Structures are given as C-alpha cells and as structure tokens.
Amino acid sequence: MTNNTHHDTTRRNPLLEAAREEMIKFERKENEFRKKDRQERAAELHLPLDAIKLQ
C-alpha cells in the first residue's frame, strides 16, 4: 500500500507544479490587465494616478 501511495504522489507532483506555474502566469496577466485598465479609466476621467498610491 505504501508503494502505491508513493507512486501516486510522485505522479501527482509534476501536475501540481504545472498547475502552480499556470496559476502564476494567469495572475501576472491579470495584474497587468488590471493595471492597464486602471490607467485607461484614469486617463478617461483625467485622474492623476501618480498622486494616488495604489497597491
């Protein structure tokens, strides 16, 4: 039983790592999109984004 569990864990780890990497890529793209969207809306409303501290 231990061997089977070890085999399943070994097989699952690369899948988890791949999923983690995809999530990191997605989060970066999402952050870039939000930043660009925020800048575009600020430009439309003539808001000074530099004066507003965003996190």
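So, a few notes on the structure that sits alongside this text. This structure is a prediction, so every number in the text was calculated from the model and none was measured. (Residues numbered from 1 in each chain as written. Predicted model: local features only at pLDDT ≥ 70, side-chain atom pairs only at ≥ 80, totals over all residues. Heavy atoms only, no water.)

## A few points about the overall build of the protein chain
Inference 1: Broken down by element type, the protein chain carries 1 helix and 0 strands.
Inference 2: Counting all 55 residues of the protein chain, 2% fall into the buried class.
Inference 3: Split by element, the accessible area of the protein chain, about 5700 Å² in all, is 55% carbon and sulfur. (Helix = DSSP H or I, 4+ residues; strand = E, 2+ residues; numbered from the N terminus. Buried < 20%, exposed > 50% of the residue type's maximum accessible area, 1.4 Å probe, protein only. Areas by Shrake-Rupley, 256 points an atom, 1.4 Å probe, with all protein chains shown as cover.)

## Points about the pattern of salt bridges
Inference 1: Taken as a whole, this structure holds 4 salt bridges when the rule is applied.
Inference 2: In this structure, the salt-bridge partner of glutamate 22 is lysine 25, at a minimum N-O distance of 3.3 Å. With glutamate 22 and lysine 25 both in helix H1 (residues 2-45) and 3 residues apart, the pair spans about one turn of that helix.
Inference 3: Looking at glutamate 22, the relative accessible area reads 46%, which means it is partly exposed. (Salt bridge = Lys/Arg side-chain N within 4 Å of Asp/Glu carboxyl O.)

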